[in-house]
Amino acid sequence: MTHVEIEPNILYFGTPMVLVSTVGDTPNLAPISSAFWLGWRAIIGIGARSQTARNLRRTRECVLNLPSVREVDAVDRLARTTGAAEVPESKLRRGYRYESDKFGVAGLTAVPSSTVAPPRVAECPVAMEAVVEAIHPVAADDEAQLGGILCFELRVQKVHVHDEIRMPGTTDRIDPDRWRPLIMSFQEFYGLGAKLRRSELARIPEILYRSPDVDRAKTGVRPGQPEPHTGNGTTRRR
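Residues numbered from 1 in each chain as written. Predicted model: local features only at pLDDT ≥ 70, side-chain atom pairs only at ≥ 80, totals over all residues. Heavy atoms only, no water.

Draft legend 1. A look at the sheet that holds strand S14 (residues 188–190). Reading across the sheet, the three strands line up as S1-S13-S14 and stay open at both edges, with antiparallel pairing between neighbours. Strands with a single pairing partner mark the edges of an open sheet, and in this sheet they are strand S1 (15–16) and S14. Judged from the three bridges that link them, strand S13 (residues 183–185) and S14 form a sheet pairing that is antiparallel. Directly across from Ile183, in S14, lies its bridge partner Tyr190. (Pairing = 2+ DSSP bridges. Helix = DSSP H or I, 4+ residues; strand = E, 2+ residues; numbered from the N terminus.)

Draft legend 2. Focus on the pattern of salt bridges. For the coordinates displayed, the defined rule picks out 13 salt bridges. A salt bridge links Glu164 to Arg70; its shortest N-O distance comes to 2.6 Å. One end of the pair, Glu164, is in the loop between strand S12 (149–161) and S13; the other, Arg70, is in the loop between strand S6 (61–66) and helix H2 (72–77), with 94 residues separating them in the sequence. When its relative accessible area of 54% is taken as the criterion, Arg70 is described as exposed. The residue Asp175 makes a salt bridge to Arg178 at a minimum N-O spacing of 3.5 Å. We classify Asp175 as buried; its relative accessible area is 10%. The exposure class of Arg178 is partly exposed, given its relative accessible area of 41%. What you see here is one network of salt bridges that share partners, running through Asp73, Asp76 and Arg197. (Salt bridge = Lys/Arg side-chain N within 4 Å of Asp/Glu carboxyl O. Buried < 20%, exposed > 50% of the residue type's maximum accessible area, 1.4 Å probe, protein only.)

Draft legend 3. Examining the packing of aromatic side chains more closely. Scanning all chains against the criterion turns up one aromatic pair. A cation over an aromatic ring shows up here: Arg94 above the ring of Tyr209, its NZ or CZ 4.2 Å from the ring centre. (Phe/Tyr/Trp six-rings, centres within 6.5 Å; stacked < 30°, edge-to-face > 60°. Lys NZ or Arg CZ within 6 Å of the ring centre and 35° of its normal.)

Draft legend 4. Structural context of the nonpolar core. One finds Ile44, Leu64, Phe152 and Leu154 to be the most contacted residues of the largest nonpolar core, which totals 23 residues. Only strand S2 (18–23), strand S5 (41–47), helix H1 (51–59), S6, strand S11 (126–137) and S12 provide two or more residues apiece to this core. Ignoring anything within four residues of it in the chain, the contact list for Phe152 reads Ala42, Ile43, Ile44, Ile46, Ala53, Leu56, Arg57, Val132, Ala134 and Ile135. Counting 20 residues, the second largest nonpolar core, distinct from the first, contains Val72, Ala106, Val121 and Ile204. (Core = buried A, V, L, I, M, F, W, Y, C linked by side-chain atoms within 4.5 Å. Contact = heavy atoms within 4.5 Å.)

Draft legend 5. Here's a closer look at a nonpolar patch on the surface. A contiguous nonpolar patch, built from Trp40, Val159, Val161 and Ile174 and spanning about 330 Å² of accessible area, is present on the exposed surface. Structurally, the position occupied by Ile174 is in the loop between S12 and S13. Judged by relative accessible area, Ile174 falls into the partly exposed class, the value being 34%. (Patch = residues over 30% accessible without salt bridge, like charges linked within 9 Å, V, L, I, M, F, W, Y side chains within 5 Å. Areas by Shrake-Rupley, 256 points an atom, 1.4 Å probe, with all protein chains shown as cover.)

Draft legend 6. How the structure looks around the layout of surface pockets. Size it by volume and the second largest pocket reaches roughly 480 Å³. As for the second largest pocket, its lining consists of 17 residues, and the residues nearest its centre are Val126, Met128, Val159, Val161 and Ile174. Partitioned by chemical class, the residues of the lining of the second largest pocket number 12 nonpolar, two polar and three charged. (1 Å grid on protein atoms, 1.4 Å probe; cavity = no way out; pocket = protein on both sides within 12 Å on 5 of 7 lines; lining within 4 Å. Points joined across faces, edges and corners; volume = space filled by probe spheres on them. Nonpolar A, V, L, I, M, F, W, Y, C, P; charged D, E, K, R; others polar.)

Draft legend 7. Spotlight on H1. For H1, the complete set of buried residues consists of Gln51, Thr52, Ala53, Asn55 and Leu56. Turning to H1, the residues buried within the fold contact S2, strand S3 (27–32), S5, S6, S11 and S12. Immediately downstream of H1, the backbone of Arg60 shows phi near 65 degrees, a positive value.

Draft legend 8. Structural context of the side chain of Ser21. Locating Ser21 in the fold gives a position in strand S2. Note on Ser21: relative accessible area 0%, which makes it buried. A polar side-chain atom of Ser21 sits 2.6 Å from the main-chain carbonyl oxygen of Pro119. The residues touching Ser21, leaving out its near neighbours within four places in the chain, are Asn28, Leu29, Cys62, Val63, Asn65, Phe103, Pro118 and Pro119. (Polar contact = N/O pair within 3.5 Å; in protein donor to acceptor, adjacent residues only side chain to side chain.)

Here you go:
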């Protein structure tokens, strides 16, 4: 077995989809696939200019709604939509449009939460009410990327689940044989099996997500450090 070197424009090897609900002027609902959990803490990565990021920084609370494979069509209807009335240029290039009623566009039902203002998604089998405990900038070492992406550290306060995925006879366990999360892998939708359907996001060329870190990896030079010799006895700095 041998490896070959490639340069993927995105590194989405497979993560659960999350519908993040927040509150701005209206309730907002945003699909993301950069999330992981450590105990009752969640780390999510989102664009700093997105409406979700603005809402999180202002209100410090959200709901992490986990769709199952049954909600794949609803999730895809939210693709290339944004709750930001002034659509960022990077999203315009990818074909995004402004939508004020994200729940309506998706065809999903908003229900009240118990500890935070943002609503839960009734159709999602899992909904976790959470608050922001810390905000971490991504690529703080690179002036070109600094401020573009933020990681939010969230503390979960309340977990709601559909009874159909609860392990029978328990009050604190999810039955993995009943839970069928919606997974995104390289912009396509999957369950715990074959691809479910063509994803709207998969129509966006992956090159539009290419990070400067791809080119930096070729030289091994960090911003502010001398680059390799140019051949004329000099070096350049980034």
